Amino acid sequence: TQLLEQSPQFLSIQEGENLTVYCNSSSVFSSLQWYRQEPGEGPVLLVTVVTGGEVKKLKRLTFQFGDARKDSSLHITAAQPGDTGLYLCAGGGTGSARQLTFGSGTQLTVLP
Amino acid sequence: NAGVTQTPKFRILKIGQSMTLQCAQDMNHNYMYWYRQDPGMGLKLIYYSVGAGITDKGEVPNGYNVSRSTTEDFPLRLELAAPSQTSVYFCASSYSLLAGGPNTGELFFGEGSRLTVL
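Conventions we followed
- Residues numbered from 1 in each chain as written.
- Chains lettered and ligands numbered in written order.
- Predicted model: local features only at pLDDT ≥ 70, side-chain atom pairs only at ≥ 80, totals over all residues.
- Heavy atoms only, no water.
- Helix = DSSP H or I, 4+ residues; strand = E, 2+ residues; numbered from the N terminus.
- Buried < 20%, exposed > 50% of the residue type's maximum accessible area, 1.4 Å probe, protein only.
- Polar contact = N/O pair within 3.5 Å; in protein donor to acceptor, adjacent residues only side chain to side chain.
- Contact = heavy atoms within 4.5 Å.
- Salt bridge = Lys/Arg side-chain N within 4 Å of Asp/Glu carboxyl O.
- Nonpolar A, V, L, I, M, F, W, Y, C, P; charged D, E, K, R; others polar.

Moving on to the side chain of Q25 of chain B. Residues and elements named next belong to chain B. Within the fold, Q25 resides in strand 3 (residues 19-25). Owing to a relative accessible area of 3%, Q25 belongs among the buried residues under this scheme. Of note is the side chain of Q25, whose polar atom sits 2.9 Å from the backbone oxygen of H29. Look past the residues within four positions of Q25 in its chain and what remains in contact with it is G3, V4, M32, R68, T71, E72 and S93.

The interface is formed by 25 residues belonging to chain A together with 24 residues belonging to chain B. In this structure, the connection of chain A to chain B is made through 0 salt bridges. Where the side of chain A that touches chain B is concerned, the elements lending two or more residues are strand 4 (31-37), strand 5 (44-49), strand 9 (85-92) and strand 10 (100-102) of chain A. Element by element, the count of residues in the side of chain A that touches chain B is highest for strand 4 of chain A, at 4 residues. Tallied by class, residues from the side of chain A that touches chain B come to 9 nonpolar, 14 polar and 2 charged.

For the structure on display, the rule yields 6 salt bridges over all chains. Note that E54 of chain A is salt-bridged to K56 of chain A, the shortest N-O span being 3.9 Å. One salt bridge in this structure joins R36 of chain B and D38 of chain B, with 3.2 Å as the shortest N-O distance. Residue R36 of chain B is classed as buried on the basis of its relative accessible area of 10%.

Put into structure tokens, the structure is as follows:
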């Protein structure tokens, strides 16, 4: 069973601060996705990375896939209250089922 | 554009009762999934389907059953509900190639069904 550990589990910061969320595993993944979930809703995809060392930017969010494809990070610059939510990483499998393994999530609160 | 629709949104069951959570998608996706989300535990895969007529167990299938008679619908059946099944259930769908390449398909989720078993 592939496991993904996210840290920190909870993060509360002031508006304008920077933060980094980590997603780590001992397993290799074919791809890594990041989702954001708001209360009462399902997760929504933010980004997919597939190549070791890949870096993608989405406005103030920067996503990186580790060289060995076992870990990933999400960095938010100048956080805003609208960034508040549960951030989930999900690793893509290589089997025929093509299942995703989800991390336990990081609950981010950005205070105005 | 409906996407993935789940019903009901909320349900309270007594121990031993049975019920079906409905899920429908209108995106012609071949893959469909059922996850449960417990506080601090992320999403756990219950069952998934790669196409009509084909289903398979995920990480936590005990106490649940599914069927996939059409591309659009993927109901989840709870038999003999137990307090341990209290959770938020999410249905999701994606379009994936059946062979080769990394799994990069985006999952589209419904809004969830909150189930309480008392």
